[in-house]
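Observations on the model geometry
Listed below, chain by chain, are the residues.
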Amino acid sequence: VQLQASGGGLVQAGGSLRLSCAASGRTFSGYAMGWFRQAPGKERESVAGTTWSGGTTYYADSVKGRFTISRDNAKNTVYLQMNSLKPEDTAVYYCAARRALSWATTPQRIDYWGQGTQVTVSS
C-alpha cells in the first residue's frame, strides 16, 4: 500500500498550491482520506479530511475558508487546494488514509501515511 503525495513547493504569502495524493496497492473503497501537517518543533496535526463518498469534510479551524479537500475515487486520489497561504502554513504535509468511514484528527488513528511533501510560504 502506497500513498504518493505531490504538489508542494515554495510560494509567497497569499499564493496558492494544490497537493495531490495518489493511492496504490489496494482499493481504498470505504476509507477516509486526508492530510496532516507537521512544522519543525511541533506535533503533527490534522489539516483536512474527507469520508469515502466525499460528502462530509473536516477542516482544522486554522484553514477553514482557505483550504478545500476533494477526492476522485475513480483515480484513488485526494486533493488539497490551498489558497491565501500564510507563513504559518509552512510545514511538511502528509497524506493519510484511515480504514473507517469517518476522518480522525489524531495521528494514532491513521492506518496509512504518505511520504510527505514540503510546503514553504514566504512572507
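Further up the page is the structure itself.
First, a word on scope: everything that follows refers to the structure included in this document. What you are looking at is a predicted structure, and each value in this text was computed from that prediction instead of being measured. (Residues numbered from 1 in each chain as written. Predicted model: local features only at pLDDT ≥ 70, side-chain atom pairs only at ≥ 80, totals over all residues. Heavy atoms only, no water.)

In this section: the sheet that holds strand β3 (residues 17–24). Strands sit in the order β1-β3-β8-β7 across an open sheet of four strands; the sheet is antiparallel. The sheet is open, and its two borders are formed by β1 (2–6) and β7 (67–72), each paired with just one other strand. The average undirected angle you get between the axes of adjacent strands in this sheet is 15°. Sheet topology places β7 next to strand β8 (residues 77–82); six bridges connect them, and they run antiparallel. The partner of Arg71 across the bridge, within β8, is Val78. (Pairing = 2+ DSSP bridges. Helix = DSSP H or I, 4+ residues; strand = E, 2+ residues; numbered from the N terminus. Axes fitted to C-alpha atoms, helices over the stretch in contact; angles between N-to-C directions.)

Counted under the stated rule, the structure contains five salt bridges. Across the pair Arg37 and Asp89 runs a salt bridge whose closest N-O atoms are separated by 2.9 Å. Note that Arg37 is positioned in strand β4 (residues 32–38) and Asp89 in the loop between β8 and β9 (91–98), a separation of 52 residues in sequence. An identical accessibility class is assigned to Arg37 and Asp89; each is buried. (Salt bridge = Lys/Arg side-chain N within 4 Å of Asp/Glu carboxyl O. Buried < 20%, exposed > 50% of the residue type's maximum accessible area, 1.4 Å probe, protein only.)

Now for unusual backbone geometry. Positive phi outside glycine occurs at Asn76, with the angle close to 55°. When its relative accessible area of 16% is taken as the criterion, Asn76 is described as buried. For Ser84, which is not glycine, the phi torsion reads 50° and is therefore positive. If you trace the backbone, Ser84 turns up in the loop between β8 and β9. On the basis of relative accessible area, Ser84 is assigned to the partly exposed category, the value being 40%.

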